[in-house]
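Overview (structure and organization)
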Amino acid sequence: MLKVPDHQVAGHQAGDGKLGPLIDDSGHFYKPLQNDGRGSHELAFYTSFSADTRIPDHIRKFFPVFYGTRHLEASDGSGLYPHLALEDTVSSRINPSVLDAKIGSRTWYPQAAEDYIIKCLKKDRETTSLELGFRISGLQVYGNKETGFWKPDKKCVLNFSIEDTRLALRKFVSSNPSTGSDIKPDCSFASTVYGGPAGILAQLLELKSWFEEQTIFHFYSCSVLMVYEKESILQGRNSGAEIKLVDFAHVIEGKGVIDHNFLGGLCSLIKLISDIVTSSA
Ligand SMILES: O=P(O)(O)O[C@@H]1[C@@H](OP(=O)(O)O)[C@H](OP(=O)(O)O)[C@H](O)[C@H](OP(=O)(O)O)[C@H]1OP(=O)(O)O
Ligand SMILES: Nc1ncnc2c1ncn2[C@@H]1O[C@H](COP(=O)(O)OP(=O)(O)O)[C@@H](O)[C@H]1O
């Protein structure tokens, strides 16, 4: 049974007759092929990446598993439509906390059309992308049964300053995410979610070590998705903290050159997160 994802935090969304992703109850995330060649470009990326023997397994785990394409009833009611069938990294979790960070101070690639570059440049300037090397595109943080999720709307997130971004990264691992500006986020899950040998920081560092070497792809406008389950921590289990890269509609060939745009943004995200781990130790 297909349905609209409950825990999508950014990007094009289904609902209100719009074309957007769907999920099923067997762990698949179906992303409709986007127009303007973006969908076919993303499909080409997944196809080549899946077959590329140069990608080590310890890096492949940071990408959703690709199960090919499926023709499914589109969410906008337009009938059968091709979708990328991907591993759903979120829906199997109870009340998942999710954060989408779009990496790179530049979200446009050099060969793009001029009007697209102008649009991206404007967004990069107006958000933290240019200054910080990444921007938060969306997030939801689970509080408790009474408060539910703290999920600021898209406009609010796109207006985040550098300070708002630091604060959101703190709230992401706090038990009191939705409290006002007078109460500090407690960062009580920082050491279990961000820190530790299997935490988000360790995973980001592992990914970074690959980006310091890989020259196969340049990942423009791609996001790091961070996910964990608060409930698991409270019950004394592993937080299930996991990072995945998503959105490959603007990946281009690396042609032997380091992806310094992605690498720089990743280093910046790592620095902010490691500051939180250090200060809450
Ligand atoms: O349509 P918009 O203005 O919401 O922009 C989309 C972006 O939303 P944003 O406003 O930055 O949160 C959206 O960003 P997120 O995925 O939400 O980070 C994408 O950049 C999307 O482009 P594409 O599908 O990656 O080619 C963008 O879509 P296009 O405008 O390129 O179709
Ligand atoms: N494989 C996935 N599993 C679970 N959620 C996903 C997955 N891929 C994307 N998402 C969700 O969808 C959002 C948008 O994905 P993205 O690929 O960036 O779409 P768009 O191209 O429309 O921007 C992400 O922020 C995340 O919430």
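Since this is a predicted model, take the numbers as computed values, not measurements.

Cut-offs and rules
- Residues numbered from 1 in each chain as written.
- Chains lettered and ligands numbered in written order.
- Predicted model: local features only at pLDDT ≥ 70, side-chain atom pairs only at ≥ 80, totals over all residues.
- Heavy atoms only, no water.
- Domains from an automatic or database assignment.
- Contact = heavy atoms within 4.5 Å.
- Buried area = accessible area lost by both parts, 1.4 Å probe.
- Salt bridge = Lys/Arg side-chain N within 4 Å of Asp/Glu carboxyl O.
- Helix = DSSP H or I, 4+ residues; strand = E, 2+ residues; numbered from the N terminus.
- Buried < 20%, exposed > 50% of the residue type's maximum accessible area, 1.4 Å probe, protein only.
- Near = heavy atom within 4 Å.
- Polar contact = N/O pair within 3.5 Å; in protein donor to acceptor, adjacent residues only side chain to side chain.
- Areas by Shrake-Rupley, 256 points an atom, 1.4 Å probe, with all protein chains shown as cover.
- Nonpolar A, V, L, I, M, F, W, Y, C, P; charged D, E, K, R; others polar.

1. Concerning the domain arrangement of the chain
Here the chain is described as being made up of domain 1 (22–87) and domain 2 (96–279). With 20 residues of domain 1 at the contact, the number on the domain 2 side is 16 residues. Interface of domain 1 and domain 2: buried area, both sides summed, is about 1,600 Å²; carbon and sulfur atoms make up 67% of it. A per-residue breakdown of the area domain 1 buries against domain 2 is headed by Phe45, Phe62 and Phe63, which together make up 35% of the total. For the pair domain 1 and domain 2, the number of links is three salt bridges. We note a salt bridge from Lys244 to Glu87, for which the minimum N-O separation is 3.6 Å. Looking at the side of domain 1 that touches domain 2, the elements with two or more residues in it are α1 (38–51) and α2 (57–60). In terms of residue count, the dominant contributor to the side of domain 1 that touches domain 2 is α1 (seven residues).

2. Describing the pattern of salt bridges
Tallying each qualifying case throughout the model produces 14 salt bridges. The salt bridge partner of Asp6 is Lys3, with a shortest N-O separation of 3.0 Å. We classify Lys3 as partly exposed; its relative accessible area is 42%. Beyond isolated ion pairs, a larger network of salt bridges with shared partners links Glu87, Arg93, Glu242 and Lys244.

3. Some remarks on unusual backbone geometry
Notably, Asp16 is not glycine yet its phi reads approximately 55°, a positive angle. Of note, Asp16 is situated in the segment before β1 (22–23). Taking relative accessible area as the criterion, Asp16 reaches 77% and is therefore assigned exposed.

4. Topic: the site of ligand 1
As a structural note, the neighbourhood of ligand 1 is formed by 14 residues, with Arg38, Lys119, Ser137, Lys154 and His250 the closest of them. Within the side chain of Lys123, an N or O atom sits 2.8 Å from an oxygen atom of ligand 1. For ligand 1, whose free accessible area comes to 600 Å², the fraction covered by protein is 80%. Elements that contribute at least two residues to the shell around ligand 1 include exactly α3 (114–126), β6 (134–142) and α5 (154–158). Here the shell around ligand 1 is built from residues that sort into two nonpolar, five polar and seven charged.

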